[in-house]
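Residue-level structural notes
These are the residues of each chain, in order.
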Amino acid sequence: MDIFLRYFFSMYCCIYVFTKITNIDMNQKCFQISSLSFSLIFASLISFFTQDCNLIFRLVFFFFSFFIFMLILSKTKSSLVLSISFVSFSISYFSLVISGFFLSIIISFFPRKSIVLINPFCIFLGGIIQYFLVHILFHIKRLRKGMPFILHSRLMNIGTLSCLAIFFLLVYFSIAPPSSIFIHTSVLLFILFLAFLLLFWWRRRITLDYVQKLRMDEVESLYKRISDNEQEIEKLNTNNDYLSKVIHKDNKLIPAMEMALHSYLLEAPTMEAEEARQFGADLLSQLQSMSAEREGIISNYQKNTVFHPKIGIYSVDAVILYMEKRAEKFNITYNLRFDNDIKDAIVGFIHERDMLNLLSDLIENAIIAVKDASHREIFLHIGFLQGCLFIDLYDSGIPFEPAVYQDFGNCQHTTHADSGGSGIGLMDIWNLKRKYKASLQIYEYLPDSDIYTKKIRLLFDRRNHFLLQTYRDKEIRSFITRSDLHVFPLKEMKKKDKE
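All of the points below concern the structure found in this document. Note that the structure is a prediction, hence the values are computed from the model and not measured.

Further remarks concern the overall build of the chain. From N to C terminus, the chain includes 15 helices and 7 strands. In the chain, buried positions account for 40% of the 499 residues. When contacts within the chain are restricted to residue pairs at least 6 apart in sequence, long-range pairs at least 24 apart make up 70% of them. Working note: accessible area of the chain is about 30100 Å², and carbon and sulfur atoms make up 61% of it.

Here it is as structure tokens:
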């Protein structure tokens, strides 16, 4: 029973460590069942058929059984599975030794005669401690996502060799006869040195992996920008070729029309009235046709080459452009306006990351509100008001329900749960408002009286106000119980808004 429990927990811990290192999802039922079943079968076999075998044989049998099982289960190349198996096996065995240390402290409080009786319970408790240790290890922040860098490492690296050395030294501790304190202390210090070497290797590989990921993201971003620029250049070249053909055509038509008009003016006095009228009507018709054709070309060119203003902060401009692409999917008109020198103002009033989150939440909420409306339009304006930064977002969606104003900032609430809204964006907006003590002002316009139905303004004035100005002031006042929301009627609102 003792061997069964010890090897069952050790095998299951090895499988757990392997899955965490490689980031395999262990929550799948079939994977959990197969792992538990294999651990039970293996523990049963090793307890019945290897009772007379020494520890080294059991460990070798244990390792190769674990290696073959993970090779079949992970469907990964054998050299990689072997490398990860070494690390998993060493971590599991190291946790077993530490759990044995804690267990020996617990047992020391019991009388020697009772140790035989409680031995199975002690081994079971040691297995629980062993699993707890490896479970806690992979809940450390830097290890939550496993060790992805090991998937690209060679079979023999500093980490694998350190794990092997630690494992063999721990086996030596387990089977070696008692010797001098100096030898034991030297071996223990060497194990600690290897553990620090393993920690150093692990931290360095995580740093290198992170730097490599940043470099790849930067290269990908540069390739994307190059691709976008090439597409823009191609579009401009196409428009340029088309306009060049039009100009080439006009270079012949316009002089011809000029000569026709000159001839008409010279010959008109000698023509009959009806003949002169018909000639003039034909000439006018040709000029109107040319004018209509040119107007269509210019309007089509302007439609296909819409240039939005930019703030000058790359990440913020990228978010605004990304939201523009999202708006295009729902045929939403997306307008922007930025005051001069707005870049320096943004940096002075709000952190760049918070600005990204705020714009993402504001525009995303507006897209959700507008995408099912008959008239779809969004307008973002960032500027100054009395020396303070403000962010205005107009949309043509339906207004908020009174319950949204009641719950704004206190709990998640949405008017568009059926179309993707969750209320998380409104909570994030409120948290940023509170962080910077900005005033949140919401304006509701009368239906059919304006292009837009509402406007949300964040004014960074350090006053932390919450204002609502609406044509539904009586309805909302009767519903609202919170004291920090001030509701004004529409007339006052329009006057203040214009000022």
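Each aromatic ring pair is specified by the distance between its two centres and by the angle formed by the two planes. Tallied over the entire structure, the rule returns 21 aromatic pairs. Measuring from ring centre to ring centre gives 5.7 Å for Phe408 and Phe466, while their planes differ by 65°; the resulting arrangement is edge-to-face. Of the two residues, Phe408 is situated in the loop between α12 (402–407) and α13 (424–436) and Phe466 in strand β6 (residues 466–470); the sequence distance between them amounts to 58 residues. For Phe408, a relative accessible area of 4% translates into the label buried. An aromatic cluster of three or more residues is present, and its members are Phe38, Phe42, Phe61, Phe62, Phe63, Phe64, Phe69 and Phe89. Sitting over the face of the ring of Tyr443, Lys455 holds its NZ or CZ atom 4.2 Å from the ring centroid. Taking NZ or CZ as reference, Arg457 lies 4.9 Å from the ring centre of Phe390, over its face.

With the rule as written, the count across this model stands at 8 salt bridges. Measuring nitrogen to oxygen at the nearest pair gives 2.7 Å for the salt bridge that ties Asp484 to Arg482. Residue classification places Asp484 among the partly exposed residues on the basis of a relative accessible area of 33%. Via salt bridges that share partners, Asp392, Lys455 and Arg457 belong to a single interconnected network.

With 16 residues, helix α9 (residues 314–329) extends 23 Å between its outermost C-alpha atoms, agreeing within 8% with the 22 Å of an ideal straight helix rising 1.5 Å per residue. Residues of α9 that are buried: Ser315, Val316, Asp317, Val319, Ile320, Met323, Glu324 and Ala327. Looking at the buried positions of α9, the neighbouring elements they touch are β1 (333–338), α11 (352–370) and β2 (377–385). Of the residues one or two after α9, Asn331 is the one with positive phi, at around 55°.

Taken together, Ile56, Val60, Phe64, Ile68 and Ile72 make up a surface patch of nonpolar side chains, about 480 Å² in accessible area. With respect to the helices and strands, the residue Ile68 is situated in helix α3 (residues 55–74).

Right, let's get into the environment of Ala369. In this structure, Ala369 sits in helix α11. Owing to a relative accessible area of 8%, Ala369 belongs among the buried residues under this scheme. When the C-alpha positions of Ala369 and Gly397 are compared, they lie 4.8 Å apart, and in sequence the two are 28 residues distant.

In this structure, Gln386 is a non-glycine residue whose phi angle is positive, near 55°. With respect to the helices and strands, the residue Gln386 is situated in the loop between β2 and β3 (388–395). Positive phi outside glycine occurs at Lys437, with the angle close to 55°. Tracing the sequence through the fold places Lys437 in the loop between α13 and β4 (439–444). The exposure class assigned to Lys437 is partly exposed, which follows from its relative accessible area of 42%.

Moving on, we come to helix α10 (residues 342–349). Taken as a whole, α10 has its buried residues at Ile342, Ala345 and Ile346. Buried residues of α10 fall within an arc of 100° about the axis and therefore sit on the same side. Turned more than 90 degrees away from the buried face of α10 sit Asp344, Val347 and Gly348, all of them exposed. The secondary structure elements touched by the buried residues of α10 are β1, α11, β2 and β3.

Okay, the packing of α9 against α11 next. Packing of α9 against α11 brings their axes to within 10 Å, and their N-to-C directions diverge by 10°. In terms of orientation, α9 and α11 fall into the roughly parallel class. As α9 packs across α11, the resulting crossing turns out to be right-handed. Each of Ser315, Val316, Val319, Ile320, Met323, Arg326 and Ala327 in α9 lies in contact with α11, whose residues at this interface are Glu352, Met355, Leu356, Leu359, Ser360, Ile363, Glu364 and Ile367. Among the residues making up the contact of α9 with α11, the classes are represented as 10 nonpolar, 2 polar and 3 charged.

With respect to the helices, strands and loops of the structure, Arg482 is situated in the loop between α14 (473–479) and β7 (485–489). At 2.9 Å, the side chain of Arg482 and the backbone oxygen of Tyr405 are in polar contact. At 3.3 Å, the side chain of Arg482 and the backbone oxygen of Gln406 are in polar contact. The residues contacting Arg482, other than those within four sequence positions of it, are Tyr405, Gln406, Asp407, Phe408, Asn410, Trp430 and Phe466.

Thresholds applied
Residues numbered from 1 in each chain as written. Predicted model: local features only at pLDDT ≥ 70, side-chain atom pairs only at ≥ 80, totals over all residues. Heavy atoms only, no water. Helix = DSSP H or I, 4+ residues; strand = E, 2+ residues; numbered from the N terminus. Buried < 20%, exposed > 50% of the residue type's maximum accessible area, 1.4 Å probe, protein only. Contact = heavy atoms within 4.5 Å. Areas by Shrake-Rupley, 256 points an atom, 1.4 Å probe, with all protein chains shown as cover. Phe/Tyr/Trp six-rings, centres within 6.5 Å; stacked < 30°, edge-to-face > 60°. Lys NZ or Arg CZ within 6 Å of the ring centre and 35° of its normal. Salt bridge = Lys/Arg side-chain N within 4 Å of Asp/Glu carboxyl O. Expected span 1.5 Å × (residues − 1). Patch = residues over 30% accessible without salt bridge, like charges linked within 9 Å, V, L, I, M, F, W, Y side chains within 5 Å. Arc of directions from axis to C-beta. Axes fitted to C-alpha atoms, helices over the stretch in contact; angles between N-to-C directions. Parallel < 35°, antiparallel > 145°, perpendicular 65-115°, else oblique. Left-handed = near helix turned anticlockwise from the far one by under 90°. Nonpolar A, V, L, I, M, F, W, Y, C, P; charged D, E, K, R; others polar. Polar contact = N/O pair within 3.5 Å; in protein donor to acceptor, adjacent residues only side chain to side chain.

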